Amino acid sequence: MSSKRYIGIDFLRGVCIFVVLILHMAFYSFDGIFDVDFTNPPPVITVIGLLLMFAGIFAMISGFSHATQILSRLDKGRNMKDILKHLTLVALYLLIIGFLQKTVIGSGHIQFDTRSFDNTLLVELIKTGGFKLPDVHRLLYINSLTMMGLNVILLGLVFKILIALKDRINISRTLYVLSLVYFFISLARIPLYEVFMNAQDAGNYALVLMLNVLVNKNNPILPYFAFALFGAWIAALRHDEIKRGNLYILLNGLVFLLVGAYLYVNLPDTMLERAIDTKWFAIMGAQIGLFQLMILSVLSMKTADRGIRRFITRFGIAGFTIYLLEPVVTSVLIKGIKAVLPDFEFTINISLAYAVLMATAYGIFLAWWERSGYRYGMDHLYTRLFKDVKSAKEEKMKVA
């Protein structure tokens, strides 16, 4: 089964990258961020804060995509050992780029107590002309790329076990049970996060390192591997052409969304504080439901060859480079604007307008770049690194 059948997944990934670009540019250009009253924030700040917690959609899309590729390659006679080797290399690729993103080229971490940003090396150099090495908090931080790299390794191990037991189990049903169990095990992050923070304060770095990928902010594998497992479950349902499979996805998505939303509304509001508590867990549950429904809504999409669909899908095929370089470009542009107009203020409305304008400009750039097959970008590099494997991404970029 060819993953080209799922052009809707590229479209959905493109939507997510486009929105993330707008959110990041709006957030990091807003001059009044330190003066926001987070006890009673403006609605737009609440929406941005909630959407910035949507890294799980990338985990679920990644889980769906990799599971689809695994099952397709098994159908074509590839053995699980070779597939696991490929997944390990993909994971290392993501982990290395994730490390560079959180230390060299990525966005800063906001620090309200000092009214400042803990910037990466290049962003700090652009903004202040200074050179600042990343501290231990930034080195330990789990960004979305690090999370997805870890998920790829874990997903490969799960499939190695599932394929070994395939004569005794139903793979899609087993994936669903694993998804549920893992998600509820992720409740352990609530008490473990406090243990992690106490160990960090006490300088107990053996325990810190042991717990880091499990519970540290912002995207640990508790619970984000559950998002990947649910994505893999959807892929298995589609691969096996399970009767009423779409109905199962719809019902499961609705239950998670409605129960999570109910708990979110009725639990104490700590969302903007990024507290790790039952409110946070309710948000994760609602997101799992919402993201399943989002994936289901695009699975039947057959084409995205013109208009707004094509505009957005380009972000899903080759927007990775823009996503990585956006913080650097934004830093340069804002510094240039401030140099020319020192009294210019980026209000929230101006920041949003700037972000939408820039995201649109990036889309126009992608339309031009498409003519060369997105040559020299990170997605092009990916196809070169893994040219020994027939990659769905390579096929998409060739026809782009």
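In short, a report on the structure. A quick note: this is a predicted structure, and the numbers were derived from the prediction, not measured. (Residues numbered from 1 in each chain as written. Predicted model: local features only at pLDDT ≥ 70, side-chain atom pairs only at ≥ 80, totals over all residues. Heavy atoms only, no water.)

**Comments concerning the overall build of the protein**
In step 1: Each helix and strand in the protein was counted, giving 18 helices and two strands.
In step 2: Computed over its C-alpha atoms, the radius of gyration of the protein comes to 21 Å, within 12% of the 21 Å expected for a compact globule of 400 residues.
In step 3: Its C-alpha atoms give the protein principal-axis dimensions of about 65 × 50 × 40 Å.
In step 4: Across the 400 residues in the protein, those meeting the buried criterion constitute 53%.
In step 5: Across the protein, every contact between residues at least 6 apart in sequence was considered, and the portion connecting residues at least 24 apart equals 77%.
In step 6: For the protein, the computed accessible surface area is about 18700 Å², with 66% contributed by carbon and sulfur atoms.
In step 7: The positive charge centre, built from 39 side chains, and the negative charge centre, built from 27, are 12 Å apart in the protein. (Helix = DSSP H or I, 4+ residues; strand = E, 2+ residues; numbered from the N terminus. Rg over C-alpha atoms; globule rule 2.2 N^0.38 Å. Buried < 20%, exposed > 50% of the residue type's maximum accessible area, 1.4 Å probe, protein only. Contact = heavy atoms within 4.5 Å. Areas by Shrake-Rupley, 256 points an atom, 1.4 Å probe, with all protein chains shown as cover. Lys, Arg positive; Asp, Glu negative; His and termini not counted. Charge placed at Lys NZ, Arg CZ, Asp CG, Glu CD.)

**A word on helix α13 (residues 278–298)**
In step 1: In this model α13 runs 31 Å from its N-terminal to its C-terminal C-alpha over 21 residues, within 8% of the 30 Å that 1.5 Å per residue would give.
In step 2: The element α13 is largely enclosed, with a buried count of 17 among its 21 residues.
In step 3: Taking the backbone nitrogen of Lys-279 as reference, a side-chain oxygen 3.1 Å away marks Asp-277 as the first, capping residue of α13. (Expected span 1.5 Å × (residues − 1). Polar contact = N/O pair within 3.5 Å; in protein donor to acceptor, adjacent residues only side chain to side chain.)

**What to know about the side chain of Thr-146**
In step 1: Within the fold, Thr-146 resides in helix α7 (residues 144–164).
In step 2: By relative accessible area, Thr-146 is classed as buried at 9%.
In step 3: Within the structure, Thr-146 has its side chain in polar contact with the side chain of Asn-143 (distance 2.6 Å).
In step 4: Here Thr-146 is in contact with Leu-95, Gly-98 and Lys-102, once residues within four sequence places are set aside.

**Observations regarding the environment of Ala-261**
In step 1: Note on placement: Ala-261 falls in helix α12 (residues 245–266).
In step 2: Using a relative accessible area of 31% as the deciding quantity, one classes Ala-261 as partly exposed.
In step 3: Sequence-wise, Ala-261 and Ser-351 are 90 residues apart; in three dimensions their C-alpha atoms are separated by 29 Å.

**Looking at the packing of aromatic side chains**
In step 1: Tallying each qualifying case throughout the model produces 29 aromatic pairs.
In step 2: Seen in terms of ring centroids, Phe-365 and Trp-369 are 5.4 Å apart; in terms of plane orientation they differ by 35°. Their pairing is tilted. Within this pair, Phe-365 and its partner Trp-369 are both found in helix α16 (residues 348–369), separated by four residues, close to a single helical turn.
In step 3: Residue Phe-365 is classed as partly exposed on the basis of its relative accessible area of 35%.
In step 4: Given the relative accessible area of 10%, Trp-369 is considered buried.
In step 5: For Lys-127, the ring lying beneath its charged end belongs to Phe-117, and the centroid distance is 5.1 Å. (Phe/Tyr/Trp six-rings, centres within 6.5 Å; stacked < 30°, edge-to-face > 60°. Lys NZ or Arg CZ within 6 Å of the ring centre and 35° of its normal.)

**As for the side chain of Ser-62**
In step 1: Relative to the elements of secondary structure, Ser-62 occurs in helix α3 (residues 56–75).
In step 2: If near-sequence neighbours (up to four positions away) are discounted, Ser-62 is found in contact with Met-148 and Val-152.

**A short note on the environment of Thr-128**
In step 1: Here Thr-128 is to be found in helix α5 (residues 121–128).
In step 2: Remark: the alpha-carbon pair of Thr-128 and Ala-226, spanning 98 residues in sequence, is separated by 40 Å.
In step 3: At a separation of 2.9 Å, a polar atom in the side chain of Thr-128 contacts the main-chain carbonyl oxygen of Glu-124.
In step 4: Only 3.1 Å separates the side chain of Thr-128 from the backbone nitrogen of Gly-130, close enough to count as a polar contact.

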